[in-house]
Amino acid sequence: MWNEEQMRNYLKENLSQGRYNHSLGVEDAAEKLAKQYGANIKKAKIAGLIHDCAKEIDKKEILDICRKNGVDIDYVLEANPSLLHGAAGAIMAQKVMGVEDEDILSAIKNHTIGKSDMSLLEKVIYLADYIETSRKFPGIEELRNAAFRSLDEALILSFDKTIEVVISRGNLIHKDTVEARNFIICKVAKEKDYNK
């Protein structure tokens, strides 16, 4: 596997300055969240740093990379290939950078739309991508604060915000995002019932 310097150099050469800065911000946020919730800090930093390594690749190329590597592409992903940049990024992390760790690869793959029953590292990277310091949108401070109170409740807020924005733009909502949200809502409800 490449070392951190090699990864940074690759990102500098293949991403815009803004996207590179975002990647550094996600690495930092992932480290903080990993410390807060007991995730593997090294894995969180690596996944956070390289999570968007395929973000600025042409949509046709993203589709090609995913098809050649057996990614299931449904009609929502076909209509919006940019949602596949996580899957393409995991493929590139493995094939270009030599990342073999399944936790890291899964966190990169699923940081875009989420999935049902996300692992701790997947949750950390999904949320770190959402709350890193360069992000500016209404409600971001509420979400940042929630992220350090309850990982699951912050994820519900982030899924709600994502779905709200997707609907306002008239775009398709991927079923994995809905399933990720529903799974966490049920999990949180069960925990509250259990703790009564």
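Definitions and cut-offs
Residues numbered from 1 in each chain as written. Predicted model: local features only at pLDDT ≥ 70, side-chain atom pairs only at ≥ 80, totals over all residues. Heavy atoms only, no water. Salt bridge = Lys/Arg side-chain N within 4 Å of Asp/Glu carboxyl O. Helix = DSSP H or I, 4+ residues; strand = E, 2+ residues; numbered from the N terminus. Buried < 20%, exposed > 50% of the residue type's maximum accessible area, 1.4 Å probe, protein only. Contact = heavy atoms within 4.5 Å. Polar contact = N/O pair within 3.5 Å; in protein donor to acceptor, adjacent residues only side chain to side chain.

1. A word on the pattern of salt bridges
Considering all chains together, one arrives at 18 salt bridges under this definition. We note a salt bridge from Glu-164 to Lys-161, for which the minimum N-O separation is 3.8 Å. Linking Glu-164 with Lys-161, this pair stays in helix α10 (residues 151-168), spanning three residues, or about one helical turn. In this structure Lys-161 comes out as partly exposed when scored by relative accessible area, which is 21%. Taken together, the salt bridges that share partners define one network made up of Lys-123, Asp-152, Lys-187 and Glu-191.

2. Description of helix α3 (residues 41-50)
Among the 10 residues of α3, seven are classified as buried, and the element is accordingly described as predominantly covered. Against the buried residues of α3 lie α1 (4-14), α2 (17-37), α6 (85-95), α7 (102-109) and α8 (120-131).

3. Structural notes on the side chain of Ser-158
Within the secondary structure, Ser-158 sits in helix α10. Taking the relative accessible area as the measure of exposure, Ser-158 reaches 0% and is therefore buried. Setting aside residues up to four positions removed in sequence, Ser-158 forms contacts with Tyr-126, Leu-127, Tyr-130 and Leu-143.

4. Let's talk about unusual backbone geometry
At Asp-117, a position not held by glycine, the phi torsion is positive, near 55°. Looking at the element boundaries, Asp-117 is found in the loop between α7 and α8.

5. What to know about the side chain of Asp-129
Relative to the assigned elements, Asp-129 resides in helix α8. Of note is the side chain of Asp-129, whose polar atom sits 3.2 Å from the side chain of His-51. Apart from residues lying up to four places away in sequence, Asp-129 is in contact with His-22, Val-26, His-51, His-111 and Arg-135.

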